[in-house]
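Structural description and commentary
Next come the chains, spelled out residue by residue.
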Amino acid sequence: MTTQTHRVALSVNINKVALLRNSRHLGIPSVTRAAELCLQAGAQGITIHPRPDERHIRASDVPELHALMQAWPDREFNIEGNPFHNLIQHVRAVRPHQVTFVPDSEGQFTSDHGWTFPQDAARLKPLIDECKALGVRVSLFMDPVPEQMAAAQAVGADRVELYTEPYAASFGTPEHAVQLQRYADAAAAALQVGLGLNAGHDLNRENLPAFVAQVTGLQEVSIGHAFMADALEMGYDATVKAYLKALAG
């Protein structure tokens, strides 16, 4: 088993805070305050996924969070979503550190697959080029398929975010080792062509250590649902510290 030789960054996805806020018209809980508390506790970044239906993050949240991040110059703001919906307008407006292109449909329950090449290459390339011209790092949400990594790099991506739900679903089952090897192989292929490496979807305190230990070169994980479920019981500060500990192996 291999081990990481660098710290893996934790980017907290605060969508679920916005989902709770949107269930009433009181403006609480505050997504900006949630982000601030996570940053104060040591999170290296904040992630949001502003969908067109605004069922959680709203368009008005984006500039407010961007303003907050100015007070944390050593942390990163990651905006994810489908570049063919409303994502690019946010990128143009606030120029986050990173944009993660995700191929979800407008009414999709949650992200459940990555981009496919060569099918998606022609329509993605001009948007990738625009984001990079704005000084924004581009990550592509990808399934753990080694053969697809070179194509992601060829279309201009800086990083890939490996879609980890299959790994998470296998945790604690006989299929776990097989799934973990898939991600290790995809990571190796990404690194070989010069891509940076992120991961996310259904990662949690229990399944993170094995993933981080085996998937060499991992730079960042984006975690929302499990993180917020833990924070309801533990609070933001303790939850951030618990996830940083899990990432340390």
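Conventions and cut-offs
Residues numbered from 1 in each chain as written. Predicted model: local features only at pLDDT ≥ 70, side-chain atom pairs only at ≥ 80, totals over all residues. Heavy atoms only, no water. Axes fitted to C-alpha atoms, helices over the stretch in contact; angles between N-to-C directions. Helix = DSSP H or I, 4+ residues; strand = E, 2+ residues; numbered from the N terminus. Parallel < 35°, antiparallel > 145°, perpendicular 65-115°, else oblique. Left-handed = near helix turned anticlockwise from the far one by under 90°. Contact = heavy atoms within 4.5 Å. Nonpolar A, V, L, I, M, F, W, Y, C, P; charged D, E, K, R; others polar. Phe/Tyr/Trp six-rings, centres within 6.5 Å; stacked < 30°, edge-to-face > 60°. Buried < 20%, exposed > 50% of the residue type's maximum accessible area, 1.4 Å probe, protein only. Pairing = 2+ DSSP bridges. Right-handed = clockwise from strand over helix to strand, strands pointing away.

1. Thoughts on the packing of helix α2 (residues 31-41) against helix α11 (residues 236-247)
The N-to-C vectors of α2 and α11 enclose an angle of 50°; their axes lie 8 Å apart at closest approach. What the angle tells us is that α2 and α11 run oblique. The element α2 and its partner α11 pack so that their crossing is right-handed. Contact with α2, carried on its side by A34, L37, C38 and A41, involves Y236, D237, V240, K241 and L244 of α11 and no other residues of that element. Classifying every residue of the contact of α2 with α11 gives seven nonpolar, no polar and two charged.

2. Description of the environment of E233
Position of E233 among the secondary structure elements: in helix α10 (residues 225-234). E233 sits 182 residues away from R51 along the chain, and the two C-alpha atoms are 27 Å apart.

3. Concerning the environment of V94
With respect to the secondary-structure elements, V94 resides in helix α4 (residues 87-94). Expressed as a C-alpha distance, the spacing of V94 and A188, which sit 94 residues apart in the sequence, is 33 Å.

4. Considerations on the packing of aromatic side chains
Overall, the coordinates contain seven aromatic pairs when judged by the stated rule. Note on Y167 and Y183: the rings are 6.2 Å apart at their centroids and 70° apart in plane angle, and the pair reads as edge-to-face. Note that Y167 is positioned in helix α7 (residues 165-170) and Y183 in helix α8 (residues 176-192), a separation of 16 residues in sequence. Accessibility expressed as a relative area gives 0% for Y167, which makes it buried. Seen in terms of ring centroids, Y183 and F211 are 5.7 Å apart; in terms of plane orientation they differ by 65°. Their pairing is edge-to-face. Here Y183, found in helix α8, pairs with F211, found in helix α9 (residues 208-214); they are 28 residues apart in sequence, far enough to count as distant. With relative accessibility at 0%, the residue F211 sits in the buried group. A connected cluster of aromatic rings, assembled from ring pairs, spans Y167, F171, Y183 and F211.

5. Points about the pairing of strand β8 (residues 220-223)
Taking every second residue as pointing to the same face, both faces of β8 are buried, with E220 and S222 on one and V221 and I223 on the other. Where strand β1 (residues 9-13) lies against β8, four bridges are found, and the strand directions are parallel. Counted as the bridge partner of L10 is V221 from β8. In this sheet, β8 lies alongside strand β7 (residues 196-200) in parallel orientation, the contact comprising three bridges. The residue bridging N198 from the neighbouring strand is E220, located in β8. Once the chain exits β7 it traverses α9 before rejoining the sheet at β8, and the crossover so formed is right-handed.

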